[in-house]
Amino acid sequence: MDGEVSFPRQFARTQRFTLGAPRGFSVAPDGGRVVFLRSRGGTERANLLWVCEPGSGKERIAADPEVLLGGASEELSAEERARRERSREGSAGIVGYAVDDAVELAAFALSGRLFTAELRAGTARELAVPGPVVDPRPSPDGRHVAYVADGALRVVGADGGGDRIVAGPTAASDGADVTYGLAEFVAAEEMDRARGFWWGPGSDRLLVARVDEAPVRRWWIADPAHPERGPQEVAYPAAGTDNAEVRLLLVGLDGARTEVEWDRKRYPYLARVHWSAAGPPLLLVQARDQRSALYLTVDTATGRTRTLHVDEDPVWLELFPGVPAWTPGGQLVRIADEGGARVLVVGDRPLTGPQLHMRAVLDVSDSDILVSASAGPEAEDPETGEIHVHRVNELGTERFSEGRGVHSAVRSGGVCVVSSASLESGGATVRVLANGKPVAGVASYAQRPVLSARPRLTEAGARRIPCAVLLPTGYEAGDGPLPVLMDPYGGPHGQRVVAAHNPYLTSQWFADQGFAVVVADGRGTPGRSPAWEKAVAGDFAGATLDDQVAALQALAATGDHPLDLSRVAIRGWSYGGYLAALAVLRRPDVFHAGVAGAPVTDWRLYDTHYTERYLGLPEDGDTYAANSLVTDEGLSGAIEPARPLMIVHGLADDNVVAAHTLRLSSALLAAGRPHEVLPLSGVTHMTPQEQVAENLLLLQVAFLKRSLSMK
């Protein structure tokens with residue numbers, strides 16, 4: 001690419017160097033096909049569906065959106081835009097697809113239209129059905145495709161015939177707020193459950209979520225830059241308010257319909273659904289306080305459920321990808337917090353111990369279980385920021401991935417696709433292994449960054465807080481101390497200190513502007529131990545801020561890092577934005593300037609499933625007030641001197657709504673505390689727009705330099 005292009009422009013244009021990188025892998029059980037998504041280049045937004053043949057290593061296009069749409073621009077329905085916002089999807093074209101069990105038929109939506117691709121033949125076509133189509137999925141045998149349109153679940157033959165509604169709103173029993181086959185807001189945003197229907201292994205029945213949003217409080221999000229447009233109505237369950245009512249139905253292609261029964265009053269959250277040939281349907285349902293959960297099996301004849309396991313925790317229970325599941329022999333697979341560690345449990349037996357910290361189950365086979373894990377609390381040689389793939393069975397545990405870094409995998413039969421990122425090189429390398437031996441690679445078309453990140457990973461202080469330190473390119477030991485920029489996320493589900501190159505690119509760019517940048521993962525961040533994550537229970541404001549201060553001071557005390565503690569700034573987005581604003585308000589003795597992007601400032605405005613997990617219900621006490629930035633109790637923690645604070649917020653954000661920033665600004669103004677507000681018209685919680693993303697970086701560094709009196 002042109003060497004004149006700056007990093008901020010390249011970073012924005014490539015959508016954080018994700019465009020052109022392969023993703024979304026599926027592996028045929030016969031080993032003949034690896035299916036994936038990838039755009040044609042590092043600045044091309046539209047994904048195509050590709051097939052790699054492991055035997056020859058050849059890649060071919062299975063579906064091209066430009067061809068299928070005849071060159072027409074893509075049009076998204078409101079439901080599809082919402083799905084993409086929940087998954088933080090900023091690309092275009094084919095952004096998701098589903099396959100049958102043999103990985104011979106793929107289904108996907110484009111511009112609200114239904115398409116299928118014959119993966120062996122490499123042909124794709126449109127099925128003429130009502131739309132706009134959302135989340136199409138083939139049946140396991142490949143003979144049907146189920147999809148959602150206009151709030152109803154429909155099924156059509158793979159040949160395009162026999163389209164009909166199998167579960168949909170009826171005037172007799174459903175109101176205007178009822179949908180079938182879609183995930184409710186908190187499931188998609190917080191539970192990592194984007195689906196609302198599941199095929200049975202016999203391809204003749206489905207489990208279908210019925211969601212009634214009538215109880216949910218309505219918010220209206222307007223664009224002040226366009227007063228002629230009506231506001232968007234959003235059903236948003238803020239902490240302490242009513243959730244959507246979720247039921248589950250067994251629906252047959254013959255029209256039979258049975259409701260699945262469980263104690264929905266005690267366990268209202270439908271967190272996971274698993275249905276495979278290895279056993280009856282599995283459900284994981286949670287209590288509202290998320291301290292109790294049930295693993296249930298479903299009698300498909302009656303809809304009644306039976307409790308397999310009860311999980312309880314005095315703090316909260318986490319949800320994990322890939323579980324619950326069955327082994328081929330019919331044993332329950334789950335991840336649990338036991339004995340101070342996060343372990344893999346099969347049946348009633350833990351198969352791992354405190355040497356590993358389980359993160360996800362990737363595949364379950366006759367001989368082993370493939371898992372993602374990081375070093376546990378009793379690991380002999382903890383590897384800061386590393387995530388590996390391991391094979392686990394009753395005989396023990398074996399690391400499957402090779403080399404330092406961050407690894408993930410998708411497996412079916414004897415073929416496994418391993419994606420590996422390292423600190424030494426940008427992006428990820430994708431290898432296809434057959435019976436453990438490399439047979440092919442999947443190319444990445446992502447651009448090479450115009451700069452190289454050089455993080456030094458370490459642990460700081462008595463708590464051994466994971467940290468990455470980045471210095472300007474070309475910095476020499478005798479150049480003297482540097483102004484410091486803390487660059488955290490710092491909260492739940494947001495690990496930033498990882499052994500991979502690309503996550504530090506923006507931090508390195510800030511370092512190259514003259515900062516020593518510190519990324520610290522304090523208590524509350526994932527990947528270390530259950531106790532580490534749960535230390536923030538009821539105390540966002542204390543634990544996460546204390547650890548940023550502790551990491552900074554411990555790094556400075558070693559003398560190994562050129563940190564000028566008289567000039568310290570902090571920046572962050574979302575939870576990181578909350579942390580940045582918290583830092584300059586409550587610890588101005590440490591932090592001298594801050595940039596808070598899309599910050600949560602009043603936790604009463606954030607959603608139920610996330611907020612209540614950590615802070616309980618708002619009426620339970622003073623916890624919300626103490627952790628807020630806008631209440632009297634929250635602002636009472638703000639001390640002098642007032643430090644420069646820039647607050648940035650997208651006015652179209654439906655996750656952390658702009659009211660968070662507006663209320664903080666009003667509270668700061670009432671308290672006589674100077675600050676700056678940068679509103680972004682038409683921008684959501686993501687900032688995929690190229691000019692916006694580029695200029696946000698430039699404006700932040702200009703503000704920080706000005707605030708710290710840097711040249």
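See the structure printed just above.
Residues numbered from 1 in each chain as written. Predicted model: local features only at pLDDT ≥ 70, side-chain atom pairs only at ≥ 80, totals over all residues. Heavy atoms only, no water.

Peer 1: I'd like a rundown of the overall build of the protein, residues and numbers included.
Peer 2: From N to C terminus, the protein includes 13 helices and 44 strands. In terms of C-alpha radius of gyration, the protein reaches 25 Å, essentially the compact-globule figure of 27 Å for 711 residues. With the C-alpha coordinates of the protein rotated into their principal frame, the extents come out at 70 × 55 × 55 Å. For the protein, with 711 residues in total, the buried portion stands at 57%. Here the contacts in the protein between residues at least 6 apart in sequence split such that 60% fall between residues at least 24 apart. Accessible area for the protein stands at about 27800 Å²; split by element, carbon and sulfur atoms hold 48% of it. The averaged location of the 90 negative side-chain charges in the protein is 2 Å from the averaged location of its 70 positive side-chain charges. (Helix = DSSP H or I, 4+ residues; strand = E, 2+ residues; numbered from the N terminus. Rg over C-alpha atoms; globule rule 2.2 N^0.38 Å. Buried < 20%, exposed > 50% of the residue type's maximum accessible area, 1.4 Å probe, protein only. Contact = heavy atoms within 4.5 Å. Areas by Shrake-Rupley, 256 points an atom, 1.4 Å probe, with all protein chains shown as cover. Lys, Arg positive; Asp, Glu negative; His and termini not counted. Charge placed at Lys NZ, Arg CZ, Asp CG, Glu CD.)

Peer 1: Run through the sheet that holds strand β12 (residues 152-157), naming residues and quoting values.
Peer 2: Pairing within the open sheet is antiparallel, and its four strands lie in the order β10-β11-β12-β13. This sheet does not close on itself; its edge strands, each paired only once, are β10 (133-138) and β13 (164-167). Across the sheet, the mean angle separating the axes of adjacent strands is 30° when strand polarity is ignored. Note: strand β11 (residues 144-149) against β12, six bridges, orientation antiparallel. By the bridge assignment for β12, V148 is matched with L153. (Pairing = 2+ DSSP bridges. Axes fitted to C-alpha atoms, helices over the stretch in contact; angles between N-to-C directions.)

Peer 1: Please give an account of the packing of aromatic side chains that cites residues and values.
Peer 2: With the rule as written, the count across this model stands at 22 aromatic pairs. Judged by centre distance (6.2 Å) and plane angle (75°), the rings of W50 and Y445 are edge-to-face. Residue W50 is located in strand β3 (residues 46-53), and its partner Y445 is located in the loop between β36 (437-442) and β37 (456-460); the two are separated by 395 residues in the primary sequence. Judged by its relative accessible area of 8%, W50 falls in the buried class. Put simply, the rings of W316, Y489, F540, Y575, Y578, W603, Y606, Y610 and Y614 pair up and form one aromatic cluster. For the cation-ring pair, R266 lies above Y267, with the distance from its terminal atom to the ring centre recorded as 5.0 Å. Just above the ring of W532 sits the side chain of R528; from NZ or CZ to the centre is 4.2 Å. (Phe/Tyr/Trp six-rings, centres within 6.5 Å; stacked < 30°, edge-to-face > 60°. Lys NZ or Arg CZ within 6 Å of the ring centre and 35° of its normal.)

Peer 1: Please set out the pattern of salt bridges residue by residue, giving values where relevant.
Peer 2: Under the definition given, this model contains 50 salt bridges. Where R247 meets E259, a salt bridge forms, and the shortest distance between an N and an O atom there is 2.8 Å. Placement of R247 in strand β19 (residues 245-252) and of E259 in strand β20 (residues 257-259) is noted, with a sequence separation of 12 residues between them. Classification of R247 by relative accessible area gives partly exposed; the value is 21%. Between K534 and D313 there is a salt bridge whose closest N-O contact spans 2.9 Å. Linking K534 in helix α6 (residues 530-534) with D313 in the loop between β24 (305-312) and β25 (325-326), this pair joins segments that are 221 residues apart in sequence. Here K534 and D313 have matching classes, each one buried. Each of E74, E80, R83, R84, D135 and R137 takes part in a single network of salt bridges with overlapping partners. (Salt bridge = Lys/Arg side-chain N within 4 Å of Asp/Glu carboxyl O.)

Peer 1: An account of the sheet that holds strand β39 (residues 482-486) is needed here, citing residue identities and associated values.
Peer 2: Strands sit in the order β37-β38-β40-β39-β41-β42-β43-β44 across an open sheet of eight strands; the sheet is mixed. Since the sheet does not close on itself, it has two edges, and those belong to β37 and β44 (676-680), each with one partner. In this sheet, neighbouring strand axes are inclined to one another by 20° on average, regardless of whether the strands run parallel or antiparallel. Relative to strand β43 (residues 645-650), strand β42 (residues 593-597) runs parallel, the two sharing four bridges. Counted as the bridge partner of G597 is V648 from β43. Helix-sheet contacts for helix α12 (residues 659-670) involve β43 and β44, and the interaxial angle to β43 is about 150°.

Peer 1: A description of the environment of H675 should follow, citing residues and the corresponding values.
Peer 2: Among the structural elements, H675 can be located in the loop between α12 and β44. We classify H675 as partly exposed; its relative accessible area is 22%. Taking the C-alpha atoms as reference points, H675 and G527, separated by 148 residues in sequence, lie 35 Å from one another. For H675, the side chain forms a polar contact with the side chain of S665, separated by 2.8 Å. In terms of polar contacts, H675 uses its side chain to reach the backbone carbonyl oxygen of R673, at 3.0 Å. (Polar contact = N/O pair within 3.5 Å; in protein donor to acceptor, adjacent residues only side chain to side chain.)

Peer 1: Account for a negative patch on the surface, with residues named and values stated.
Peer 2: On the surface, a cluster of negative charge is made up of D101, D141, D204 and D254. Note on placement: D204 falls in the loop between β15 (197-199) and β16 (205-212). Taking the relative accessible area as the measure of exposure, D204 reaches 42% and is therefore partly exposed. (Patch = residues over 30% accessible without salt bridge, like charges linked within 9 Å, V, L, I, M, F, W, Y side chains within 5 Å.)

Peer 1: If you had to explain the state of the cysteines to someone new, which residues and values would you point to?
Peer 2: Within the structure shown, the criterion is met by zero disulfides. Considering cysteine sulfurs only, C52 is the nearest to C416, which forms no disulfide, with 13 Å between them. (Disulfide = S-S within 2.5 Å.)

Peer 1: Tell me about the environment of K711, residues and numbers included.
Peer 2: Topologically, K711 is positioned in the segment after α13 (690-707). Note: C-alpha distance between K711 and Q513 (198 residues apart in sequence) is 9.9 Å.

Peer 1: Describe the packing of helix α7 (residues 540-558) against helix α8 (residues 575-586), listing the residues and the values that go with them.
Peer 2: Relative to each other, α7 and α8 sit at 80°, their axes nearing to 10 Å. With respect to α8, the axis of α7 lies roughly perpendicular. Every residue of α8 that contacts α7 at F540, A541, T544, L545 and Q548 is listed here: Y575, Y578, L579, L582, A583 and R586. Residue classes in the contact of α7 with α8 are distributed as eight nonpolar, two polar and one charged. (Parallel < 35°, antiparallel > 145°, perpendicular 65-115°, else oblique. Nonpolar A, V, L, I, M, F, W, Y, C, P; charged D, E, K, R; others polar.)

Peer 1: Before we move on, can you summarise α13 with the specific residues and values?
Peer 2: Here α13 spans 26 Å end to end across 18 residues, near enough to the 26 Å set by a 1.5 Å rise per residue. Downstream of α13 by one or two residues, S709 has phi in the positive range, about 55°. (Expected span 1.5 Å × (residues − 1).)

Peer 1: How would you summarise the pairing of β43 if you had to cite specific residues and measurements?
Peer 2: Counting buried positions along β43 gives six out of six residues, so the element sits mostly inside the fold. Of the two faces of β43, the one holding L645, I647 and H649 and the one holding M646, V648 and G650 are both buried throughout. As paired elements, β43 and β44 share five bridges and run parallel to each other. By the bridge assignment, H649 is partnered in β44 with P679. In this region the chain leaves β43, passes through α12 and returns to the parallel neighbour β44; the handedness of that crossover is right-handed. (Right-handed = clockwise from strand over helix to strand, strands pointing away.)

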